[in-house]
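Each chain is listed here by its residues.
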Amino acid sequence: MVKHTGGCHCGRVRFEVLAPAAIAVSECNCSICSKAGYLHLLVPADRFPLLCGREALTGYTFNTDTARHLFCSTCGIKSFYVPRSHPDGFSVNARCLDPGTVESMTVRPFNGREWEKSVAALREEV
Ligand SMILES: [Zn+2]
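Residues numbered from 1 in each chain as written. Predicted model: local features only at pLDDT ≥ 70, side-chain atom pairs only at ≥ 80, totals over all residues. Heavy atoms only, no water.

### A word on the coordination of the zinc ion
For a metal with four tetrahedral donors the ideal donor-metal-donor angle is 109.5 degrees, whereas six octahedral donors ideally subtend 90 or 180 degrees. Operational definition: Water is not among the atoms examined, so metal sites may look incomplete; donors are the N, O and S atoms within 2.8 Å of the metal, or within 3.2 Å for Na, K and Ca. The rule is simple: four donors are tetrahedral if all their angles sit between 85 and 135 degrees, four are square planar and six octahedral if opposite donors span more than 155 degrees and the others lie between 65 and 115, and anything that fits none of that is irregular.
Only Cys8 (SG), Cys10 (SG), Cys72 (SG) and Cys75 (SG) from the protein reach the zinc ion as donors, at distances of 2.3 to 2.4 Å. Seen from the zinc ion, its four donor atoms lie at angles of 106 to 118°, and the figure they make is tetrahedral.

This is the structure we're talking about:
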């Protein structure tokens, strides 16, 4: 495990993530992820200390209202959120990690358009 850091574009939201140096991320094709180009790095809550910016976050929910999509109210970047697949953890946007600590990134497709069919396999992995 290494300590990655990251955040939104303007810098109000900053966090640390404990994850391997070689990360595996999911590229989801659902209605919101495909528009945002979001790359999911799923981590348990205890491996994601939010350093600052809680007050800067604006929330958005839709469909089942389980996922809490969080974005910076200043710059609009969604650097992490609470995913429907792991409501007790976090999905960090791998595109928002600072350079320097990620040795490699494996991108795997996740079929979020058929979420109910796809989620079991994802939950087994994380
Ligand atoms: Zn920001």
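### Let's talk about the packing of aromatic side chains
The following threshold applies: Stacked, edge-to-face and tilted are the three classes for Phe, Tyr and Trp ring pairs, Trp counted by its six-membered ring, which pair at centre distances within 6.5 Å; planes under 30 degrees apart are stacked, over 60 edge-to-face, the rest tilted. Only DSSP runs of H or I with at least four residues qualify as helices, and only runs of E with at least two residues qualify as strands; both kinds are numbered from the N terminus onward. Three exposure classes are used, based on accessible area relative to the maximum for each residue type with a 1.4 Å probe and protein chains only: buried under 20%, partly exposed in between, and exposed over 50%.
Scanning the entire structure with this criterion turns up seven aromatic pairs. Seen from their ring centres, Phe15 and Phe48 are 5.1 Å apart, and the 40° between their planes marks the pair as tilted. Of this pair, Phe15 sits in strand S2 (residues 14-19) while Phe48 sits in the loop between strand S4 (39-44) and strand S5 (50-52); the two residues are 33 residues apart in sequence, bridging distant segments of the chain. A residue is classified by how much of its surface remains accessible, and Phe15, at 0% relative accessible area, is buried. Classification of Phe48 by relative accessible area gives buried; the value is 5%.

### Side note on the environment of Gly37
When you line up the elements, Gly37 lands in the loop between helix H1 (31-36) and S4. Overall, the relative accessible area of 24% leaves Gly37 in the partly exposed class. As a C-alpha pair, Gly37 and Thr66 span 29 residues in sequence and 20 Å in three-dimensional space.

### So, the sheet that holds S2
Definition in use: One bridge is not enough; two strands pair if DSSP finds at least two bridges between them. What counts as an axis is a line fitted to C-alpha atoms, over the stretch in contact for a helix, and the angles between N-to-C directions run from 0 to 180 degrees.
Strand order in the open sheet made by the three strands is S1-S2-S5, with antiparallel pairing throughout. Of all strands in the sheet, those with a lone pairing partner are strand S1 (2-7) and S5, marking the two edges. This sheet shows a mean twist of 25° between the axes of neighbouring strands, independent of strand direction. Here six bridges tie S1 to S2, and the two strands are oriented antiparallel to one another. The partner of Gly6 across the bridge, within S2, is Phe15.

All quantities given are derived from atomic positions and should not be read as evidence of function.
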